[in-house]
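# Geometric and topological summary
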Amino acid sequence: MKGARENPAAATAGAAGKSGASSVTTRAPGSIEVYREDFERKMSGPDWLRALRKEGMARFQTLGFPTTKNEDWHFTSVAPIAERTFRLAPLGVGGVKRADLARFDFGENGWHTLVFMNGAFSEELSSNAVLGNGVRVSSLAQAINSGTPSIERHLGKIAAFEQHTFTALNTAFISDGTYIELAADTVVEQPIHLVFVSEGEGVSHPRNLIVAGRHSRATVIESYVSLRDSGYFTNAVTEISLGEGAHLDHYKLQRESEKAFHVGTVQIREARDSQLHSFSLAVGGSLARTNIYTSLDGDAATCTLNGLYLTDGTQHVDNQTSIEHIAPNCPSHELYKGVLDGRSHGVFNGKVFVHPEAQKTDGKQSNNNLLLSPTARVDTKPQLEIFADDVKSTHGATVGRLDDVAMFYLNSRGIGPETARMLLTYAFAADVLETIPLVPLREQLERMVLARLADEV
Amino acid sequence: MLEINDLHAGIGDREILKGISLSVKAGEIHAVMGPNGSGKSTLAQVLAGNPSYEVTRGTVSYNGQNLLEMAPEVRAQNGIFLAFQYPVEIPGVSNAYFLRSAYNEIRKANGQEEVDPLEFLDLVEEKLKLVDMDETLLSRSVNHGFSGGEKKRNEIFQMAVLSPRLAILDETDSGLDIDALRIVAEGVNKLRSPENATIVVTHYQRLLNYIVPDYVHVLANGRIVKSGGKELALELEEKGYDWLQGAGAGAGAVA
Ligand SMILES: Nc1ncnc2c1ncn2[C@@H]1O[C@H](COP(=O)(O)OP(=O)(O)O)[C@@H](O)[C@H]1O
Ligand SMILES: [Mg+2]
């Protein structure tokens, strides 16, 4: 398959992606200038950080917001974000109590939890668990202030912003988020939960950095949530460096308000023998985009990228993943499922690049979608580009509706259409939830999915 | 219990049932036989309310109610059960969860209290024995990856749990070896009572050695061409269906 380039047409009619488009930009009058103004008002931090932020701002201004002519944004118009003016959200939100956040804790109030209100760390809402030696968890702002050298080494080095406007924008506004550092051989049993709570009509740019040393192991959950139904914009970036043999279970749970805008990028670099298990849930937002990008840099590194998106109403939820097979002998597995109702629109774009050196790559990818209403829509575009000869790779995308025969079978047993619909939909989503190794989280998500489906009927 | 009168039904423009009349009383077992493609499954599916078939003429009353106006789940809640010729696989839904949902929906519709998973397990244990079904099939997805025989047993097991008033068994014997056949037949016979009725749809006579019918009807080309007692089944076994094709065309037979 040397040099083979596979770019199958998307599974819905007329949805074939046009490749090779340059990033043509629109400049909504005013909106970029507003970001510029806020950027200049908020300049602080050490020199290296100022320089990085300036680079981010410059790149953001050059790139502007992508249009649908940009291959990466073919099915998603960001006009609703570009045309609005989002001021930096006010720091901190008064009146929120720990009890208000209990519904986001998976029934596990003992977990180490960092809470951010509109992007800023809140000491009083956070809670500490005993994590043991060799692990450091703090707000990014504190870690920068105390002059942690490894931050300068990694920040902005993993999440590329040459071509990624939202990452450039986030970089321009780096101020707070989470910093996690795992020393070599450190195993953290307790999950670390990061909760980003947003409110109001402003924008926040959470930035997280996870540096996992050799053979370390941890579980990190990022929850993006809201207590009220407001139209804010979250533009988050997480950078992850996995050292040799490190193992990270990473969860990104996007449960934003249904009026909110969300762009979240998780970008990972994996050294040899490291393992990434990523699960991405997307249920909230009026316009939401999640990017999970990993690079298998070292021999026998592995990744599993799984995800589930449930959409309804007029939601637009886009998931993009990218797996760069740089080194040989790396298996990658990917399963994304989507359940789309109402007039919602889902997008899946899964890229797998197998570089010339990446012999013995074993890549499996599938994306399955279930349309619950005649007006729901999904565009799915698996995209494989293989430049090595000794490669095993399979991919598949499906778009289907509930099976009439199964429906009748359930009805014929006394189960009415509403319950039957819920059962069949849940069954569709169940296998991807079953891949979640963290039991309390899996069970909570199963309940949440069931409750959401029950709500809809 | 069931009165079918001049029933016509089909799919799209194609008429499959061309005037069926049949009367089934409580306590009776009726066998519906006939060659492949004669419309046996269509009749069974129409009685269970499969919406892909359209009824174009005729009436069906069930305990005095207009059956054709009842949604499939309402039919089931009123005691109708169809053992499918081709049981449907539902990956991701466990057999136990599925059957408990069905059981509880039927109870709810009849003003009875729902049972919890533990009570339900107690209740099904004895029914599992009745059809000699392995308990592990409970935790597996409905019919998913089941062998042909396991699927058929699972249908009878469901029937045993839901205890219908009118059971329709569509080719439950096909694909079963003689031991399995005997077990399934025993299951059906144990559930027999003066209040219940059963319609056994089959291509072969052999099941009727174990489930002895009160009446036998022969379906050919969408019509009942002959009705009789249990001896009719033996006659069919001997002579095949050919001598009946065309005979009695147009004459609806009433048992
Ligand atoms: N869903 C269907 N779509 C199209 N034709 C059908 C369908 N179901 C049954 N038929 C046709 O109707 C006729 C009767 O089928 P069926 O009721 O399955 O017969 P039997 O069960 O007696 O073998 C056959 O010719 C069959 O092809
Ligand atoms: Mg049949």
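Residues numbered from 1 in each chain as written. Chains lettered and ligands numbered in written order. Predicted model: local features only at pLDDT ≥ 70, side-chain atom pairs only at ≥ 80, totals over all residues. Heavy atoms only, no water.

What follows covers the sheet that holds strand β9 (residues 166–170) of chain B. Residue and element names in this part refer to chain B. Taken in spatial order, the six strands line up as β6-β9-β10-β3-β11-β12 in an open sheet, and their pairing is mixed. This sheet does not close on itself; its edge strands, each paired only once, are β6 (80–83) and β12 (223–228). Strand-to-strand twist across the sheet, computed as the mean angle between neighbouring axes with direction ignored, equals 20 degrees. For strand β3 (residues 29–33) and strand β11 (residues 215–220), the ladder comprises four bridges, and the chain directions are parallel. Following the sheet pairing, Ala31 is matched in β11 by Val216. (Pairing = 2+ DSSP bridges. Helix = DSSP H or I, 4+ residues; strand = E, 2+ residues; numbered from the N terminus. Axes fitted to C-alpha atoms, helices over the stretch in contact; angles between N-to-C directions.)

Another point: the coordination of the magnesium ion (ligand 2). Tetrahedral coordination by four donors places them ideally at 109.5 degrees to one another around the metal; octahedral coordination by six donors ideally gives 90 or 180 degrees. All names here are of chain B. Looking at the magnesium ion (ligand 2), one finds its protein donor set to be Ser41 (OG) and Gln85 (OE1), positioned 2.0 to 2.2 Å from the metal centre. Placement of the pair is Ser41 in helix α1 (residues 40–48) and Gln85 in the loop between β6 and β7 (90–94), with a sequence separation of 44 residues. Classification of Gln85 by relative accessible area gives buried; the value is 17%. (Donors = N, O, S within 2.8 Å, 3.2 Å for Na, K, Ca; no water. Buried < 20%, exposed > 50% of the residue type's maximum accessible area, 1.4 Å probe, protein only.)

Attention shifts here to the packing of aromatic side chains. Residues and elements named next belong to chain A. As enumerated under the stated definition, the model contains 18 aromatic pairs over all chains in all. Pairing Phe86 with Phe261 gives two aromatic rings, centres 5.7 Å apart and planes at 70 degrees, and the pair type is edge-to-face. Placement of Phe86 in the loop between α3 (79–82) and β4 (112–117) and of Phe261 in strand β14 (residues 261–270) is noted, with a sequence separation of 175 residues between them. Pair check on accessibility: Phe86 and Phe261 agree, each one buried. Ring centres of Phe196 and Tyr224 lie 4.8 Å apart, and the angle between their planes is 10 degrees; on these two criteria the pair is classed as stacked. Here Phe196, found in strand β8 (residues 192–198), pairs with Tyr224, found in strand β11 (residues 217–226); they are 28 residues apart in sequence, far enough to count as distant. Comparing Phe196 with Tyr224 shows no difference in burial state: the two are buried. Among the aromatic residues, those joined into a cluster by ring pairs are Tyr35, Phe60, Phe65, Trp73, Phe86, Phe166, Phe233 and Phe261. Geometry around Trp73 places Arg289 over its ring, the cationic atom sitting 3.8 Å from the centre. Here the basic side chain of Lys337 rests over the ring of Phe428, its NZ or CZ set 4.4 Å away from the ring centre. (Phe/Tyr/Trp six-rings, centres within 6.5 Å; stacked < 30°, edge-to-face > 60°. Lys NZ or Arg CZ within 6 Å of the ring centre and 35° of its normal.)

Moving on: the nonpolar core. By size, the foremost hydrophobic cluster in this structure holds 90 residues, and its most contacted members are Leu2, Ile4, Leu47, Ile90, Phe157, Leu166 and Ile199 of chain B. Every residue in contact with Ile90 of chain B, bar those within four places of it in the chain, is listed here: Ala406, Tyr409, Leu410 and Leu424 of chain A together with Ser141 and Val142 of chain B. The next biggest cluster of nonpolar side chains, apart from the first, holds 49 residues, and it includes Leu182, Ala218, Ala236 and Ala388 of chain A. (Core = buried A, V, L, I, M, F, W, Y, C linked by side-chain atoms within 4.5 Å. Contact = heavy atoms within 4.5 Å.)

Further remarks concern the site of ligand 1. All names here are of chain B. Every residue near ligand 1 is listed here: Ile11, Arg14, Ile16, Pro35, Asn36, Gly37, Ser38, Gly39, Lys40, Ser41, Thr42 and Tyr53. With respect to ligand 1, the side chain of Arg14 contributes an N or O atom lying 2.8 Å from an oxygen atom. For ligand 1, whose unbound accessible area comes to 550 Å², protein coverage reaches 64%. Looking at the shell around ligand 1, the elements with two or more residues in it are β2 (14–24) and α1. When residues of the shell around ligand 1 are assigned to their parent elements, the largest contribution, three residues, is made by α1. Class assignment of the residues belonging to the shell around ligand 1 gives a composition of four nonpolar, six polar and two charged. (Near = heavy atom within 4 Å. Polar contact = N/O pair within 3.5 Å; in protein donor to acceptor, adjacent residues only side chain to side chain. Areas by Shrake-Rupley, 256 points an atom, 1.4 Å probe, with all protein chains shown as cover. Nonpolar A, V, L, I, M, F, W, Y, C, P; charged D, E, K, R; others polar.)

All names here are of chain A. Summarising burial for strand β7 (residues 178–182): four of the five residues are buried, a large majority. With five bridges connecting them, strand β6 (residues 135–139) and β7 associate as antiparallel partners. If you follow Ser138 over to β7, its bridge partner there is Tyr179. Where β7 and strand β10 (residues 207–212) come together, four bridges link them in parallel fashion. Bridge pairing links Glu181 to Val211 in β10.

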